[in-house]
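These are the residues of each chain, in order.
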Amino acid sequence: MPIKACIFDLDGVIVDTAKYHFLAWKRLADMLKINFTENDNERLKGVSRMASLNIILEIGNVTLDESLKEKYATLKNTWYVDYISRMTPAEILPGSLEFITELKNAGIKVALGSASKNTPLIIKQVGMDNLFDAVADGNVVRNAKPDPEVFIIAAKMLGVLPENCVVFEDAAAGVEAALNAGMLCIGIGSKQILKKANIIVSGLDKMNLKRLMKIDKA
Ligand code: G6P
Ligand code: MG
């Protein structure tokens, strides 16, 4: 199974936007008098916008009709966009740019596979909008992780078979999505949360081409 492509999740792998999601969701939760903690925020990683709102409402035992849910999800996004519009290249997580550049120089294709509809804005803000060979994001995907759709679409865009792809993910739902797509998965973060990943590293600063090739042979 030679590795021909690497597909990266965005939030929590390339940039740390979880803190901005948290601030915006917290503002909405406070407004709805729901006690929402940073611990609860873990459950929102990799999960779509509406599914995130549903989790928060479930925590607060609050029921809303669909039109009100749409309204609140849009309101949260307005606040979130306000934060990410101020992002700069300094917010790229350590090692990301170096590793992606090394892959590209070695002829390995690189793609993004993210649930976020804000992917275009984020990569523009951090100066990565011309870096990836393909971008599969929340604007083209219908089924949220752990459904493999986002990674299958990314592989198709690249013209690479799933068995020749490696996914980098920081969320449990994302690791499952990668494995469901028949791809290798490298977990970025904690062993407790990402136990199903093929290997786990603390960040992309711990990755390089040599290490990737060893996984290929394992
Ligand atoms: C990523 C994040 C999630 C977020 C989702 C949708 O997967 O990890 O926390 O809910 O994207 O993001 P969006 O920017 O479309 O609201
Ligand atoms: Mg993520």
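Residues numbered from 1 in each chain as written. Chains lettered and ligands numbered in written order. Predicted model: local features only at pLDDT ≥ 70, side-chain atom pairs only at ≥ 80, totals over all residues. Heavy atoms only, no water.

1. Some thoughts on the nonpolar core
Note that soluble globular proteins tend to have their nonpolar side chains buried in a common cluster. Judged by nonpolar contacts, the single largest core of 52 residues is most densely connected at F8, I14, F168 and L212. A total of six residues in this core trace back to one element, the largest contributor, which is helix α1 (residues 18-31). Counting residues in each nonpolar core, the second largest holds 22 residues, with V167, A178, A181 and C185 among its members. (Core = buried A, V, L, I, M, F, W, Y, C linked by side-chain atoms within 4.5 Å. Buried < 20%, exposed > 50% of the residue type's maximum accessible area, 1.4 Å probe, protein only. Helix = DSSP H or I, 4+ residues; strand = E, 2+ residues; numbered from the N terminus.)

2. Overview of the coordination of the magnesium ion (ligand 2)
Only D9 (OD), D11 (O) and D170 (OD) from the protein reach the magnesium ion (ligand 2) as donors, at distances of 2.0 to 2.1 Å. Counting the intervening residues between successive donors of the magnesium ion (ligand 2) yields the motif D-x1-D-x158-D. Of this pair, D11 sits in the loop between β1 (5-8) and α1 while D170 sits in the loop between β4 (165-169) and α8 (172-180), placing them 159 residues apart in sequence. (Donors = N, O, S within 2.8 Å, 3.2 Å for Na, K, Ca; no water.)

3. Here we look at the pattern of salt bridges
In the structure shown here, the tally under the stated rule is nine salt bridges. One salt bridge in this structure joins D205 and K206, with 3.6 Å as the shortest N-O distance. Assessed through its relative accessible area of 42%, K206 is described here as partly exposed. Connected through shared salt-bridge partners, D9, K145 and E169 make up one network. (Salt bridge = Lys/Arg side-chain N within 4 Å of Asp/Glu carboxyl O.)

4. Describing the site of ligand 1
Neighbouring ligand 1 are 14 residues; V47, R49, S116, K117 and N118 lie closest to it. One of the side-chain nitrogen or oxygen atoms of R49 is found 2.8 Å away from an oxygen atom of ligand 1. A distance of 2.7 Å separates an oxygen atom of ligand 1 from a polar atom in the backbone of K117. In isolation ligand 1 exposes 390 Å². Once the protein is present, 96% of that is buried. Across the shell around ligand 1, the residue classes break down as four nonpolar, six polar and four charged. (Near = heavy atom within 4 Å. Polar contact = N/O pair within 3.5 Å; in protein donor to acceptor, adjacent residues only side chain to side chain. Areas by Shrake-Rupley, 256 points an atom, 1.4 Å probe, with all protein chains shown as cover. Nonpolar A, V, L, I, M, F, W, Y, C, P; charged D, E, K, R; others polar.)

5. Let's talk about helix α7 (residues 149-158)
Along α7, the residues that are buried comprise E149, V150, F151, A154, A155 and L158. Against β1, β2 (109-113), β3 (134-136), β4 and α8 lie the buried residues of α7. Where α7 terminates, the next one or two residues include G159, which has phi positive at roughly 75 degrees. (Contact = heavy atoms within 4.5 Å.)

6. A look at the sheet that holds strand β6 (residues 199-201)
Spatially, β3-β2-β1-β4-β5-β6 is the arrangement adopted by the six strands of the open sheet, whose pairing is parallel. The open sheet has two free edges, formed respectively by β3 and β6, since each of these has just one partner strand. Strand-to-strand twist across the sheet, computed as the mean angle between neighbouring axes with direction ignored, equals 25 degrees. For β4 and strand β5 (residues 184-188), the ladder comprises four bridges, and the chain directions are parallel. Looking across to β5, one finds that V167 is bridged to C185. Sheet strands in contact with helix α5 (residues 96-105) are β1, β2 and β4, and its direction is about 155 degrees off that of β1. On the sheet, α7 packs against β1, β2, β3 and β4 and is oriented at approximately 160 degrees with respect to β3. (Pairing = 2+ DSSP bridges. Axes fitted to C-alpha atoms, helices over the stretch in contact; angles between N-to-C directions.)

7. Observations concerning the environment of K45
Relative to the helices and strands, K45 resides in the loop between α2 (38-41) and α3 (49-59). In this structure the C-alpha to C-alpha distance between K45 and H21, which are 24 residues apart in sequence, comes to 9.3 Å. Among the polar contacts listed, one links the side chain of K45 to the side chain of E42, at a separation of 2.7 Å.

8. Topic: the packing of α1 against α3
The contact between α1 and α3 brings their axes to 11 Å, and the two run at 45 degrees. Viewed along their axes, α1 and α3 adopt a mutual orientation that is oblique. When the axes of α1 and α3 are compared, the crossing they make is right-handed. For the pair α1 and α3, contact is made by W25, L28 and A29 and by R49, S52, L53 and I56, respectively. (Parallel < 35°, antiparallel > 145°, perpendicular 65-115°, else oblique. Left-handed = near helix turned anticlockwise from the far one by under 90°.)

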